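Listed below, chain by chain, are the residues.
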Amino acid sequence: MASPTESTAIEALLHEERVFPPDPAFTRNANVNDPGVYERAQSDPEAFWADWARQLDWIKPWDTVCTWDPPHAQWFVGGQINVSANCLDRHLKTARRNKAAIIFEGEPGDTRVLTYHDLWREVNRFAGVLKNLGVNKGDRVTIYLPMIPEAAVAMLACTRIGAPHSVVFGGFSADSLRERINDSQSKVLITSDGGFRRGNVVPLKAACDAALDGGACPSIESVIVFNRTTTDESQTPMQAGRDHWWHRLLEDAPRLVEPEPMDSEDPLYILYTSGSTGKPKGILHTTGGYLTQVHATTKCVFDLKDEDVYWCTADVGWVTGHSYVVYGPLAAGATVLMYEGAPDFPARDRFWALVEKYGVTILYTAPTAIRAFMKWGTEHPDKHDMTSLRLLGSVGEPINPEAWMWYHEHIGGGRCPVVDTWWQTETGAIMITPLPGLVATKPGSATRPFPGIEADVVDEQGNSVPPGGGGFLVLRRPWPSMLRTLWGDDARYRQVYWSRFDGRFYFAGDGAKRDEDGYFWLLGRVDDVMLVAGHNISTMEVESALVDHPSVAEAAVIGRTHEIKGQAIAAFVTVKDGTGATPEFAAELKEHVSKKLGAICRPDDILFSAELPKTRSGKIMRRLLRDIAEGRALGDTTTLADPNVVSSLKDRYESQEG
Ligand code: PRX
């Protein structure tokens, strides 16, 4: 990040001219097609959100829409509501009763369909199991499961009895699991014997045993184990008195559990997000406001209709899985496709085979996946009929304009609107996004704040940056699904999100620019911004210029220390299958960036790499690339999906230098 004595704004260098206005036929049928919605929401945001909250079933109406005692907001104060009742019971009174709620496909190809009635029944029974084990309102439950319907059942059962859940991604290690259990002081741990990933079994129960070993998690009283991967129960060691099979516990559980009336501000869940350094932050979400915003955004951003087959590819271990696999779509009565495994198993067309098989209409995935598909080539989607698709979404990282175009053309057949949605674990729900029937899209831009959201781009002092300029992305007003605090650490909550601008607004940690049309362009985390010869340059823009070359699939850019310029640009580049990674090509790429963004952005080093170091949720870890480029010992690599990628890159970088 630039210090105040240096250049204070982030430069905005990338110019994107392409614009895709909504198709009038799409607009005609869109859930939101009245452009007045933006103005109405802006003039009275509380009334806008209250209208959405009224679409849910409340046990007791609220007295006050919002109270704001910075940095703490409360929404729908005095109201009582239950999340599982809104995702399930509410639909049983309608034709959705027998509609598919979850269509599940396991990686090995096994399938299951749960109607809303089926899911309601399973959630009731499992809520009974939790009650039998002594879980009461307010007790925490940790969930460590693969992407199987039981993950949704477990989450919804927790909400039914008012026990906040903490879902831990199944790809995390025993150490990470232990740390999260102990921070949340969970009473029960829900897991499975394993899950399928790339043809192998991920041994989840064994990881739980390692996490709990030697009494390392004293708060845990019971472990519930779902049998996913074995036919023979005796293959899974169970500790008597502590471990119980899910299916056995169901035998003695009550079949009906009334939804617990929850105060709107009662905790709904904790979700840990690992900052780039330090102990994971337990993001706390509460009940009424969260459900209101995930429901509203699901309907408006994805234009969700009853007849849609909706597929969000995120794992339930991430916030996207919470808000847009489980709570938003089920509150909206959607049919949700859930897939357990990897996109390239047994072959690189698995996603497209699923789209064809189930007639998926809405697909929501991440740029990291889109760039992998680009690298693998168009022959995989081309094999399948994907004409059922009508809307595409992107989330998790800035999407490079060329990846956006590839997604639009090769997956969407040029006819589907692409919604690039900016938000965070902390925001709980989508914040900046096009409304597909109203907003013309520009490749690489998340476009406008959702109605009722007030986002801004400011400089170091917190002054709004005029159109065309770059700076820090901030949120000026509380929103219903905002985090309420960090679990057990309000001081850290204030420090991380509110101290940067003296409590005046929420600081998201991202850089952004706004163009003349008021469109937002996300520039990546501000910690990643480079300072080259006095210019603050976004890694995202240089990466996009590299990906703009037809032979490049993915790029990660960092600044390394340079005697004269302050920082020099180093690029790690993955080429598309079939392209030669030669020194001539590196020279061509440097020239390409220089033409696109200006000579100041010309990379000093280019290193080709088949893989880039990523977190388990697919974000590129530039911090480690900086360690490599500066010849430092590698920092913490525990959150990497594949630690080998970075050690081999380090060896290659050093041998190239020598
Ligand atoms: O840097 C932004 C990036 O992901 C961060 C939030 O990550 P996480 O809490 O893991 O949540 C991911 C799913 C919501 C943001 O601070 N990010 C997310 N979506 C976008 C994005 N950056 C640019 N464009 C996006 N659409």
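Source: prediction; values computed, not measured.

A. Spotlight on the pattern of salt bridges. One pass over the structure, following the stated rule, counts 55 salt bridges. In this structure, Glu105 engages Arg350 in a salt bridge whose closest nitrogen and oxygen atoms are separated by 2.8 Å. With Glu105 in strand β4 (residues 100–105) and Arg350 in helix α12 (residues 350–358), this residue pair connects regions lying 245 residues apart in the sequence. You'll find Glu105 and Arg350 in the same group, each marked buried. With its nearest N and O atoms 2.8 Å apart, the salt bridge here joins Arg228 to Asp110. One end of the pair, Arg228, is in the loop between β11 (222–226) and β12 (243–245); the other, Asp110, is in the loop between β4 and β5 (111–115), with 118 residues separating them in the sequence. With relative accessibility at 29%, the residue Asp110 sits in the partly exposed group. Linked by salt bridges that have partners in common, Asp118, Arg121, Glu122 and Arg125 make up one network.

B. View of the confidence of the model for the chain. Looking at the chain as a whole, its pLDDT mean stands at 94, while 98% of the residues score no less than 70. Predicted confidence is poor over residues 1–6, with pLDDT under 50, and the contacts of this stretch with residues over four places away or in other chains come to nine contacts.

C. Spotlight on the site of the ligand. If you check the shell around the ligand, you find 16 residues, and the closest are Asp420, Thr421, Thr425, Asp510 and Arg525. Measuring from a nitrogen atom of the ligand, one finds a side-chain N or O atom of Asp420 at 2.7 Å. One nitrogen or oxygen atom from the main chain of Thr421 is found 2.7 Å from a nitrogen atom belonging to the ligand. Its free accessible area being 540 Å², the ligand has 90% of it covered by the protein chains.

D. Inspection of the nonpolar core at higher detail. In this structure, Leu119, Phe126, Leu130, Ile190, Ile224, Phe302 and Tyr327 are the most contacted members of the largest nonpolar core, which totals 126 residues. Ranked by residues supplied to this core, first place goes to helix α6 (residues 149–161) with nine residues. When neighbours within four sequence positions are excluded, Tyr327 is seen to be in contact with Val83, Cys87, Met155, Leu156, Thr159, His165, Tyr269, Tyr290, Leu291, Val294 and His322. Among the nonpolar cores identified, the runner-up in size contains 54 residues, and Val309, Leu363, Met374 and Trp404 belong to it.

E. Quick look at the environment of Thr231. Among the structural elements, Thr231 can be located in the loop between β11 and β12. Judged by relative accessible area, Thr231 falls into the exposed class, the value being 85%. Along the primary structure Thr231 and Asp385 are separated by 154 residues, whereas in three dimensions their C-alpha atoms are 36 Å apart.

F. Representation of the environment of Val336 within the structure. Within the fold, Val336 resides in strand β17 (residues 335–339). Val336 sits in the buried class, given a relative accessible area of 2%. Residues Val336 and Cys312 lie 24 residues apart in sequence; the distance between their C-alpha atoms is 7.9 Å. Once residues within four sequence positions are removed from consideration, Val336 is found in contact with Ala101, Ile102, Ile103, Tyr310, Val325, Pro329 and Leu330.

G. Geometry of the UniProt feature "domain: AMP-binding enzyme C-terminal" (unreviewed entry) in the chain. Residues annotated by UniProt as "domain: AMP-binding enzyme C-terminal" (unreviewed entry) correspond here to residues 541–619. In this annotation, residues 541–619 is assigned 28% helix and 32% strand; the end-to-end C-alpha distance for the span is 16 Å.

H. Representation of the domain arrangement of the chain within the structure. Structurally, the chain comprises domain 1 (24–342 + 421–509) and domain 2 (529–657). When each unit is reduced to the centre of its C-alpha atoms, the spacing between domain 1 and domain 2 is 34 Å. Taken together, the six residues of domain 1 in the interface contact four residues of domain 2. Counting each side, the surface lost to burial between domain 1 and domain 2 is near 460 Å², with a carbon and sulfur contribution of 66%. Here domain 1 and domain 2 share zero salt bridges between them.

I. Just the sheet that holds strand β19 (residues 391–394), in detail. The seven strands lie next to each other as β5-β4-β17-β16-β18-β19-β20, forming an open sheet whose pairing is mixed. Sheet topology places β5 and β20 (418–420) at the edges, where each strand pairs with a single neighbour. The mean angle between the axes of side-by-side strands here comes to 20°, regardless of whether they run parallel or antiparallel. Here β4 runs beside β5; their pairing, made up of five bridges, is antiparallel. Looking across to β5, one finds that Ile102 is bridged to Leu114. Packed on one face of the sheet, helix α15 (residues 401–411) meets β18 (362–365), β19 and β20 and runs near 155° to β19.

J. Structural detail: helix α11 (residues 319–331). Burial analysis of α11 places 13 of its 13 residues in the buried class, which makes it a mostly covered element. Backbone geometry just downstream of α11 places Gly333 in the positive-phi region, at approximately 75°.

K. Molecular detail of the side chain of Ser538. Mapped onto the elements of the fold, Ser538 is located in the loop between β27 (535–537) and α17 (539–547). Judged by its relative accessible area of 0%, Ser538 is buried. Polar contacts involving the side chain of Ser538 include one to the main-chain amide nitrogen of Glu541, which spans 3.1 Å. When residues no more than four places from it in sequence are discounted, the contact partners of Ser538 are Ile10, Leu523 and Met530.

L. The arrangement of the sheet that holds strand β25 (residues 520–525) in detail. Strand order in the open sheet formed by four strands is β21-β22-β24-β25, and the pairing between neighbours is antiparallel. If you trace the sheet from one side to the other, it starts and ends with β21 (455–458) and β25, each paired once. Neighbouring strand axes in the sheet, compared pairwise and without regard to direction, differ in orientation by 45° on average. Of the pairings in the sheet, the one linking β21 to strand β22 (residues 470–475) comprises four bridges and is antiparallel in character. Bridging across to β22, Val457 finds its partner in Leu473.

M. Layout of the packing of helix α13 (residues 367–376) against α15. Relative to each other, α13 and α15 sit at 70°, their axes nearing to 10 Å. Relative to α15, α13 is oriented roughly perpendicular. Facing α13, whose interface residues are Ile370, Arg371, Phe373 and Met374, α15 presents Glu402, Ala403, Trp406 and Tyr407. Looking at the contact of α13 with α15 residue by residue, the classes come out as six nonpolar, no polar and two charged.

N. How the structure looks around the packing of aromatic side chains. Going through the model one piece at a time under the given rule, you end up with 40 aromatic pairs. Between the aromatic rings of Phe126 and Trp246, the centroid separation amounts to 3.9 Å while the plane-to-plane angle is 15°, which identifies the pairing as stacked. In this pair, Phe126 sits in helix α5 (residues 116–132) while Trp246 sits in helix α9 (residues 246–251), placing the two residues 120 residues apart along the sequence. With relative accessibility at 0%, the residue Phe126 sits in the buried group.

The rules behind these values
Residues numbered from 1 in each chain as written. Predicted model: local features only at pLDDT ≥ 70, side-chain atom pairs only at ≥ 80, totals over all residues. Heavy atoms only, no water. Salt bridge = Lys/Arg side-chain N within 4 Å of Asp/Glu carboxyl O. Helix = DSSP H or I, 4+ residues; strand = E, 2+ residues; numbered from the N terminus. Buried < 20%, exposed > 50% of the residue type's maximum accessible area, 1.4 Å probe, protein only. pLDDT = per-residue confidence, 0-100. Contact = heavy atoms within 4.5 Å. Near = heavy atom within 4 Å. Polar contact = N/O pair within 3.5 Å; in protein donor to acceptor, adjacent residues only side chain to side chain. Areas by Shrake-Rupley, 256 points an atom, 1.4 Å probe, with all protein chains shown as cover. Core = buried A, V, L, I, M, F, W, Y, C linked by side-chain atoms within 4.5 Å. UniProt positions renumbered as here; feature names shortened; annotations may be inferred. Domains from an automatic or database assignment. Buried area = accessible area lost by both parts, 1.4 Å probe. Pairing = 2+ DSSP bridges. Axes fitted to C-alpha atoms, helices over the stretch in contact; angles between N-to-C directions. Parallel < 35°, antiparallel > 145°, perpendicular 65-115°, else oblique. Nonpolar A, V, L, I, M, F, W, Y, C, P; charged D, E, K, R; others polar. Phe/Tyr/Trp six-rings, centres within 6.5 Å; stacked < 30°, edge-to-face > 60°.

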